[in-house]
Each structure stands twice: as C-alpha cells, then as structure tokens.
Amino acid sequence: MERTFREHLFLLVLCLSVLKGDARYIENNEILKDDIYSVFNLDLKREMPEIPEELLYRRSLRCLDMIAVEGQFTFTAERPQLNCASFFMAEPNEVLSIEYDSVDIDCRGGDFITVFDGWVMKGEKFPSSQDHPLPLFERYVDYCESGSVRKIVRSNQNVAMLFFRIHNEGSSFTVTVRKHVNAFPCNVISQAPEGSYTMVIPQQHKNCSFSIVYPVEIEISEFSLGHYNNIAKRLLPGCAETGDFVQLLGGNTIDSSKLVPVTDLCISFTGPTQMKIGCETTVVRMVSSGRFVNRVSFSYRLLNSQELQNLKLNSIDDFCSSN
Ligand SMILES: *[C@@H]1O[C@H](CO)[C@@H](O)[C@H](O)[C@H]1NC(C)=O
C-alpha cells in the first residue's frame, strides 16, 4: 500500500515536472497528500456493469490532476486558470470515456476544454503518431468547437487527458470518466513500475507499444512472430525488412518514435533476454505486417538506486538523451 502510493506519487511528480518543463505557469498547484492517498487507494473495481450515476465516486478536479479511478469530476475556477491539465489512466486492458455532464465556460472569451486521446508530456505525445490509429488532429476534441453537452469522447488506449483554460471566476464544468474493457489493447502506459504483460497483435497491420515511465529491468520471457516458423531463416534479412519485429527502446520522452533502440528482436532469439534500461521511459514496441499473429511476453521491475548509479557510470545518460 505504502509502496503503491509512493509509485503513484512519483508519477505525479513526473507529470508536474513535465508541465514545468513546458514552461507553463501552473497555478494552484498545492497537492494535498491525504487527498491523493485516498484517490489512489480506492478500490479500482473491475469492469461492468456500469456504476449507476448516483453511486459514482465524486470529487473536485484540480488545475493539475492525476486520476486513476472512475467517477464524476468537477472543476470550478476560483480565479483565472489558464494552463490546466488532468491525466487519466486505466488498466492496460481498458480504455476511457470522458463525458461532459455540464459545462459553463466562456468559449468566445478564449476558454477551452480539450480532450486528448493519449498523454502529452514535455510536448511529446503518447502514443506516437506512428502508433496511433488516428491522425494527430483527430485526437484533439475541443468542447467549444465540437459543442454539445453530454458528448462522449472515447480513448483508444488506457490513457487520456484533458487540457483546459478558464478566465472567469466561478466558471465550471463537470465530466464523468468511465473505464471500458478493451479486448485488444494495443498501446499502453503501465500504471506501475513493475508487472508483466503479454502483447498480442492478431493479424493486423499496425504497431503497438507498451510504455513504462520508469527506469526498469525488463525480461522477455516469450516471443513469437509468425514468419519465424513459416519461412526459412536464410531468406530473412535484418529485422526491419521482415515487417514483423519487436523493439526494445529507451529514452527520456514518452514519444516512442523518438526513443533509442536498445535491441531489435525478430529472427533469432539468442541475445540477452534480460536488460536494464536506466532511462526515464522504457518501451516494448511491436511492428506487425498483418500477415501473422505476433506476441511477446515480458516482465519488468523498477531499478534500485545502486543499479541506476552503476548504469550512470556507464554513461547511460548520454544514451537516453541521444535522439
Ligand atoms: C509502423 O512503424 C513503422 C516504423 O517502425 C512504419 O514504417 C510503419 O508505417 C508503421 N505502420 C503503421 C501501420 O503505422
């Protein structure tokens, strides 16, 4: 319990520093410890059936917030709040929906509320444009432009966020955030710095990435790409040319297209299956041609400070920021 809390706090601090890095002026930033504690330790109940509205968890939204539970969240401006962001997160096999219940903002006066299908940190996006099914402009849904209360926006992965700007004291809005089962998760941000996961792409031409925003040791335990069994090995050139491969990436951004490849896995599986990646973000990414059912299983755990220290001595910092 204590540990989980620390981890979530770490992630929150990460978000805070990220927004600061964006040179945004964040007002009203005081985070009440007890408040976060209670939120993150609420029972993350399993999906379905949908919780009736009167039983929904309710609380107010802060200008900068991180939410991992379903519920109804209300923001009320006590003064102009010009750069606010809420990060929402669900389990890997879930997606989120965000529904406007009531909105009282001044669109003409420059207020806005925008849902983003993914997360933005330091100006970098998750999932990267290369891995998301929609073009970038369609991932932003602006309330003032698209209008109408009770509109529902659904994410394509387990994370989504809300940006908003409100000029007038007393203006407010309420959204309901729900989680839904996603039978075929593709892009995922891990909630915790340790765990295990199996990524499957069932004969679809797409790319998926599993992102861990912590320095971790990762172990690939199982790995199967269709062509490996079907085509003679000697016919296959380098990984990228095969059209189906798994990449391990590391770096200091959440945009997987800007991370540095640590290793590619495709034809043979002789290299080390266990690796320490001391960057801010570690990603397992699968590129799939659509001809095969591809899968990879892995587990990961947070590096301790001694391990990080050792990696630093080997100039891992240069590596992490080398793109
Ligand atoms: C997947 O990523 C590769 C580069 O790693 C890119 O060439 C390809 O177009 C992407 N595929 C899809 C379906 O987006």
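Bear in mind that the values here come from a model prediction, so they are computed numbers and not experimental data.

What follows covers the overall build of the protein chain. The number of helices and strands found in the protein chain is 7 helices and 21 strands. Relative to its full complement of 323 residues, the protein chain shows a buried share of 38%. For the protein chain, contacts bridging at least 24 residues in sequence account for 79% of all contacts bridging at least 6.

Where strands meet in a sheet, backbone hydrogen bonds hold them as pairs that are either parallel or antiparallel. Across the sheet, which stays open at both edges, the 5 strands sit in the order β2-β4-β11-β6-β9 with mixed pairing between neighbours. Single-partner strands in this sheet number two, and they are β2 (64–67) and β9 (140–142). Neighbouring strand axes in the sheet, compared pairwise and without regard to direction, differ in orientation by 15° on average.

Our focus in this paragraph is the environment of serine 86. Within the fold, serine 86 resides in strand β4 (residues 81–89). Under the C-beta neighbour-count criterion, serine 86 is labelled buried, with 24 such atoms within 10 Å. As for serine 86 and cysteine 63, which are separated by 23 residues in sequence, their C-alpha atoms are 7.3 Å apart. Not counting residues up to four positions away in its chain, the partners in contact with serine 86 are Leu61, Asp65, Ile67, Met161 and Leu162.

Take the pairing of strand β12 (residues 172–181) next. Across 6 bridges, strand β3 (residues 71–76) lies against β12 in antiparallel orientation. Each residue of the ladder has a partner; that of threonine 76, found in β12, is serine 172. Direction of pairing for strand β5 (residues 94–104) relative to β12: antiparallel, over a ladder of 10 bridges. Across the sheet, the residue bridging to tyrosine 100 is valine 175, located in β12.

In the vicinity of the ligand, the contacting residues are Gln130, His205, Lys206, Asn207 and Val287. In terms of residue count, the dominant contributor to the shell around the ligand is strand β15 (residues 205–212) (3 residues). Of the residues in the shell around the ligand, the class split is 1 nonpolar, 3 polar and 1 charged.

What follows is about the sheet that holds strand β18 (residues 260–265). Ordered in space as β13-β15-β20-β17-β18, the 5 strands form an open sheet in which the pairing is mixed. Strands with a single pairing partner mark the edges of an open sheet, and in this sheet they are β13 (188–189) and β18. Bridging between β15 and strand β20 (residues 281–289) involves 8 bridges; their strand directions are antiparallel. When the bridges of β20 are listed, isoleucine 212 appears paired with threonine 282.

Omega for the bond connecting phenylalanine 126 with proline 127 falls within 30 degrees of zero, at -10°, which places this linkage in the cis form. Checked against the element boundaries, proline 127 lands in the loop between β8 (124–126) and β9. The phi torsion at lysine 122 lies on the positive side, around 50°, for a residue other than glycine. Relative to the elements of secondary structure, lysine 122 occurs in the loop between β7 (119–121) and β8. Look at glutamine 203: it is not a glycine, yet its phi comes out positive at around 50°. Tracing the sequence through the fold places glutamine 203 in the loop between β14 (195–202) and β15.

Cut-offs used in this document
Residues numbered from 1 in each chain as written. Predicted model: local features only at pLDDT ≥ 70, side-chain atom pairs only at ≥ 80, totals over all residues. Helix = DSSP H or I, 4+ residues; strand = E, 2+ residues; numbered from the N terminus. Buried ≥ 20, exposed ≤ 12 C-beta atoms within 10 Å, placed from the backbone. Contact = placed C-beta atoms within 7 Å. Pairing = 2+ DSSP bridges. Axes fitted to C-alpha atoms, helices over the stretch in contact; angles between N-to-C directions. Near = placed C-beta within 6 Å. Nonpolar A, V, L, I, M, F, W, Y, C, P; charged D, E, K, R; others polar.

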